[in-house]
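Below are the chains, spelled out letter by letter.
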Amino acid sequence: MKRLAWATVLVLVGCGGGGEGAARGGGEGGGETQATGPRGEATLHAMVKFEGTPPANPVIDMADEPDCVAKFEGTPMDPKVVVSAGNLANVFVYVKGGLPAGATYSAPSTPVVVDQDGCLYKPRVLGAMAGQPIELRNSDPTAHNIKAVPTENRPFNISQPRAGMTTTRTFNTPEVMVPLECNVHGWMNAYIGVMGHPFFGTTGPDGTVAIQGLPAGTYEVEAWHEVFGTQTMTVEVPATGMVHAPFTFSATS
């Protein structure tokens, strides 16, 4: 993966959230995170753009899965690259460095959810804290298996042969990213960013995500995409207000 060096991004201080991304930031499990590490009152607002013509997504042959085909509008496609009005979705943005040494954060007990729906993992890219429950669901009337292939955590491979089945797993070690696969449907992929803190999120269709509660400081922030790799920048976070972190990917990233 390519890594681009960025200059320090300075501050636009203001009020308010970050559009659609605001609900996805600051730890996607939501709920009752109990921070033993420092928290603050600033918001990191990341905007991820795509420059140029995005590559075409592969067509999926679902001839053997009519129940899944019925959940698509048009031809089933593998949504590796999702661009809308120049905004890039499914980018995992997280604080990579700069938190105080020894800072620890308790994981929420509320699970994050990965659904198998239309023979796709939904969401495709998400985050969870180390130790946070991850609920794996099958919403399709067809058999799936969920194969996790981490490098730092314990792998697993479980079967869900019927609609309505759920299984809960956890990853206990921070790792970016943990891939999920399905051996029954080779096109099914998802990616989980496992973090030791709550300062992360995934961009939505508007290309934004708001990461709330950062204490004042200097941070290394990384944006990860499954096709285009990673970019990093340095961000100065004030005591209050909002910091804008603009990333731009392209087909040559």
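Below, the structure is looked at part by part.

Reading guide: rules and limits
Here, residues in each chain are numbered from 1, in the same order as that chain's written sequence. Predicted model: local features are reported for residues with pLDDT of at least 70 only, side-chain atom pairs are reported and counted for 80 or more only, and whole-chain, interface and lining totals are derived from all residues. Hydrogens are left out, water is left out, and the side-chain values use all remaining heavy atoms of the structure. Strands here mean DSSP runs of E at least two residues long; helices mean DSSP runs of H or I at least four residues long; both are numbered from the N terminus. To sort residues, take the accessible area from a 1.4 Å probe on protein chains only and compare it with the maximum for the residue type: under 20% means buried, over 50% means exposed, and anything in between is partly exposed. What makes two residues a contact is simply this: any of their non-hydrogen atoms within 4.5 Å. Residue exposure ignores everything except the shown protein chains as possible cover, and the areas themselves are Shrake-Rupley values with a 1.4 Å probe. Pairing of aromatic rings covers Phe, Tyr and Trp, the last through its six-membered ring, and needs centres within 6.5 Å; plane angles under 30 degrees mean stacked, over 60 mean edge-to-face, and all others mean tilted. A pair of strands is considered paired only if DSSP assigns at least 2 bridges between the two. The angle between two axes is taken between their N-to-C directions and runs from 0 to 180 degrees, where each axis is a line fitted to C-alpha atoms and a helix contributes only its stretch in contact. The disulfide criterion is simple: two cysteine sulfur atoms within 2.5 Å. For salt bridges, the criterion is a side-chain nitrogen of Lys or Arg within 4 Å of an Asp or Glu carboxyl oxygen.

Focus on the overall build of the protein
Looking only at helices and strands, the protein features 1 helix and 18 strands. Across the 253 residues of the protein, 48% fall into the buried class. For the protein, restricting intrachain contacts to residue pairs at least 6 apart in sequence, the fraction spanning at least 24 positions comes to 69%. Carbon and sulfur atoms make up 52% of the accessible area of the protein, which amounts to about 11000 Å² in all.

Things to note about the packing of aromatic side chains
Within the structure shown, the criterion is met by 7 aromatic pairs. Ring geometry for Phe-50 and Phe-228: centres 5.1 Å apart, planes at 45°, overall tilted. Here Phe-50 is found in strand β1 (residues 41–51), whereas its partner Phe-228 is found in the loop between β16 (217–225) and β17 (229–237), with 178 residues between them in sequence. Note on Phe-50: relative accessible area 7%, which makes it buried. Considering the side-chain rings of Tyr-105 and Phe-199, the 5.5 Å spacing of their centres and the 85° angle between planes classify their relative orientation as edge-to-face.

Section: the sheet that holds β17
The strand order across the open sheet formed by 4 strands is β14-β4-β16-β17, and the pairing between neighbours is antiparallel. Looking at strand neighbours, the two that pair on one side only are β14 (200–202) and β17, the edges of this open sheet. Mean inter-strand twist for the sheet, computed between neighbouring axes without regard to direction, equals 25°. As judged from the 5 bridges shared by strand β4 (residues 92–97) and β16, these two strands associate in the antiparallel manner. Across the sheet, the residue bridging to Val-95 is Val-221, located in β16.

Structural notes on the state of the cysteines
For the structure shown, the criterion picks out 1 disulfide. At a sulfur-sulfur separation of 2.1 Å, the disulfide partner of Cys-68 is Cys-119. In this structure, the disulfide formed by Cys-68 and Cys-119 twists by about 65° around the S-S bond and is classed as right-handed. Linking Cys-68 in helix α1 (residues 66–69) with Cys-119 in the loop between β5 (112–116) and β6 (121–122), this pair joins segments that are 51 residues apart in sequence. A relative accessible area of 0% means that Cys-68 is categorised as buried. Just so you know, Cys-182 is unpaired, no disulfide at all, and the nearest cysteine sulfur is the one on Cys-119, 7.7 Å from it.

A short note on the pattern of salt bridges
In the structure shown here, the tally under the stated rule is 7 salt bridges. Between Lys-71 and Asp-117 there is a salt bridge, and its shortest N-O distance comes to 2.7 Å. Residue Lys-71 is located in the loop between α1 and β2 (83–84), and its partner Asp-117 is located in the loop between β5 and β6; the two are separated by 46 residues in the primary sequence. Among the salt bridges present, the one from Arg-124 reaches Asp-78, with a minimum N-O distance of 3.0 Å. Residue Arg-124 is found in the loop between β6 and β7 (125–129), and its partner Asp-78 is found in the loop between α1 and β2; the two are separated by 46 residues along the sequence. Taking the relative accessible area as the measure of exposure, Arg-124 reaches 6% and is therefore buried. Asp-78 sits in the buried class, given a relative accessible area of 6%. Taken together, the shared-partner salt bridges in this structure form one network comprising Lys-71, Asp-117, Lys-122 and Asp-140.

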